[in-house]
Amino acid sequence: MKYDISITKTDAPKARPVDESKLGFGRIFTDHMFIMDYSADKGWYNGRIVPFGPLPIHPASTVLHYGAEIFEGMKAYRAADGNIRLFRPMENIKRLNNSAERLCLPLLDEEGCLDILKTMVELEKDWVPHSEGTSLYIRPYMFGNDPHLGVHAVKEATFVVICSPVGAYYAEGINPVKIAIESSDVRAVRGGTGYAKCGGNYAASLRAGQKAEENGYTQVLWLDGVERKYIEEVGAMNVMFKIDGKIVTPALSGSILPGITRKSCIELLKAWGYTVEERAFSIDELFEACESGTLEEAWGTGTAAVVSPIGHLFYNGKEYTVSDNKIGEVTQKLYDNLTGIQWGKVEDTFGWCVDVCNG
Ligand code: PLP
Ligand code: COI
């Protein structure tokens, strides 16, 4: 099912950023946004692209009180062949629907959603930056919008897509980040919403993130919520370790986000002949590997963060240096190949990229 999309173009287009080295992440927004409403009676209706601006919201709206919100993060790339392309967009759309199911928000038709994303990206194609390492970050999100205070699955919702030209997520760029392992707060537990990409997971992570930043660390590495013993994921990335030649990454236990970059890295690593173990991986095992010298590399994977080397790990008063605080060989190879596929410089043998339009 395709959704009807009306387009009202802005009559006051903004100046686009000139210095793409200063884009940062998520601070600049394009000229337009997509909005679509849902009601239990009508289904999805009134799909529209309008000039970027504030959303009117009822003061009793469900999202403001009970946090019924889910989102996605994906990117449009300006490829070497002159086309603007998306990376595995159906994976994001399927995950958005999985998140919607968990929070009792309405599902979207998958093909219809892809059509919305392509229409937005084509309209904003001049905002897709040109420089190496940059892209147009796309943030689709949905929230419950019932105008009353009872706690129930919603009958009204809103789906929005906004776009932001971005550079590196971390100030460190592709240089190693410092990660603090959190031993007190937890992000999610099995049976909760960890596998869903919902705003509440991030709200629950802010206190530990702030503490880590105050102590000079970039992000938090979460442990499981029951035993605080097994490694889960980093604030905005999944995590992988190279130990004695093998790659180890926490299994998708229900409390971590099933990352699309994670999935893609696993597929690349297996294609290159690496053994990839997706399993429970304890903090004790990690520090044994640190101390015995078998921890060769550690990195995070995510749409915003891409492939990000981890140079330091802090836990309970002790700091460990990984890979001499340098980007490791496998981390670099993953970064080069993944971004190479996304930017059309490495052949896309997996068929991951979807062309949107000519740039
Ligand atoms: N884990 C968390 C908590 C995230 O916010 C993200 C970012 O989206 C990821 C993992 C990586 O997921 P993906 O590779 O799909 O962007
Ligand atoms: C992404 O990588 O797209 C994310 O959603 C991470 C984010 C919370 C900035």
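Please refer to the structure higher up on the page.
Residues numbered from 1 in each chain as written. Chains lettered and ligands numbered in written order. Predicted model: local features only at pLDDT ≥ 70, side-chain atom pairs only at ≥ 80, totals over all residues. Heavy atoms only, no water.

## Brief notes about the site of ligand 1
Part 1 of the argument: Around ligand 1, the surrounding shell holds 17 residues, and the nearest of these are Tyr-202, Glu-233, Ile-260, Thr-261 and Thr-303.
Part 2 of the argument: Between a nitrogen atom of ligand 1 and a side-chain N or O atom of Glu-233, the distance comes to 2.5 Å.
Part 3 of the argument: Thr-261 is positioned such that a nitrogen or oxygen atom in its side chain is 2.5 Å from an oxygen atom of ligand 1.
Part 4 of the argument: For the shell around ligand 1, the secondary structure elements donating two or more residues are strand 11 (231-234), helix 6 (260-271) and strand 15 (295-302). (Near = heavy atom within 4 Å. Polar contact = N/O pair within 3.5 Å; in protein donor to acceptor, adjacent residues only side chain to side chain. Helix = DSSP H or I, 4+ residues; strand = E, 2+ residues; numbered from the N terminus.)

## Notes on the pattern of salt bridges
Part 1 of the argument: Following the criterion strictly, the structure yields 19 salt bridges and no others.
Part 2 of the argument: Between Glu-182 and Lys-211 there is a salt bridge; the shortest N-O distance is 3.2 Å. Of this pair, Glu-182 sits in the loop between strand 9 (177-181) and helix 4 (199-203) while Lys-211 is found in helix 5 (residues 206-214), placing the two residues 29 residues apart along the sequence.
Part 3 of the argument: Put simply, Glu-291 and Lys-318 hold a salt bridge, and the shortest N to O gap is 3.4 Å. Within this pair, whereas Glu-291 is found in helix 7 (residues 283-292), its partner Lys-318 is found in strand 17 (residues 318-321), the two being separated by 27 residues in sequence.
Part 4 of the argument: Look at Lys-318 and you get partly exposed, because its relative accessible area is 44%.
Part 5 of the argument: A cluster of three or more residues bridged by salt bridges with shared partners is formed by Lys-246, Glu-277, Arg-279 and Glu-285. (Salt bridge = Lys/Arg side-chain N within 4 Å of Asp/Glu carboxyl O. Buried < 20%, exposed > 50% of the residue type's maximum accessible area, 1.4 Å probe, protein only.)

## Some thoughts on helix 5
Part 1 of the argument: Buried within helix 5 are the following residues: Ala-208, Gly-209 and Ala-212. Looking straight down helix 5, one finds that the buried residues subtend no more than 100 degrees of arc, so they occupy a single side. Facing away from the buried surface of helix 5 by more than 90 degrees, the exposed residues are Leu-206, Arg-207, Glu-213 and Glu-214.
Part 2 of the argument: Phi for Gly-216, located one or two positions after helix 5, is positive at around 90 degrees. (Arc of directions from axis to C-beta.)

## Considering the packing of helix 2 (residues 89-102) against helix 3 (residues 110-123)
Part 1 of the argument: Where helix 2 meets helix 3, the closest approach of the two axes is 10 Å, and the angle between their N-to-C directions is 120 degrees. With respect to each other, helix 2 and helix 3 are oriented oblique. In the packing of helix 2 onto helix 3, the handedness of the crossing is right-handed. Two secondary-structure elements touch here, helix 2 through Pro-89, Met-90, Ile-93, Lys-94 and Asn-97 and helix 3 through Glu-110, Glu-111, Cys-113, Leu-114 and Leu-117. (Axes fitted to C-alpha atoms, helices over the stretch in contact; angles between N-to-C directions. Parallel < 35°, antiparallel > 145°, perpendicular 65-115°, else oblique. Left-handed = near helix turned anticlockwise from the far one by under 90°. Contact = heavy atoms within 4.5 Å.)

## A short note on the site of ligand 2
Part 1 of the argument: As a structural note, the neighbourhood of ligand 2 is formed by Phe-25, Phe-71, Gly-73, Tyr-137, Arg-139, Tyr-169, Lys-197, Tyr-202, Ala-236, Thr-303 and Ala-304.
Part 2 of the argument: A distance of 2.7 Å is found between an oxygen atom of ligand 2 and a side-chain nitrogen or oxygen belonging to Lys-197.
Part 3 of the argument: In this structure, Thr-303 approaches ligand 2 through a main-chain N or O atom, which is 3.5 Å from an oxygen atom.
Part 4 of the argument: Considered on its own, ligand 2 offers 290 Å² of accessible surface; in the complex 89% of this is hidden by protein.
Part 5 of the argument: Its residues placed into classes, the shell around ligand 2 shows 7 nonpolar, 2 polar and 2 charged. (Areas by Shrake-Rupley, 256 points an atom, 1.4 Å probe, with all protein chains shown as cover. Nonpolar A, V, L, I, M, F, W, Y, C, P; charged D, E, K, R; others polar.)

## Some details on the side chain of Asn-92
Part 1 of the argument: Relative to the helices and strands, Asn-92 resides in helix 2.
Part 2 of the argument: A relative accessible area of 3% means that Asn-92 is categorised as buried.
Part 3 of the argument: The contact partners of Asn-92, leaving out residues within four places of it in the chain, are Glu-72, Gly-73, Met-74, Phe-87 and Ile-260.

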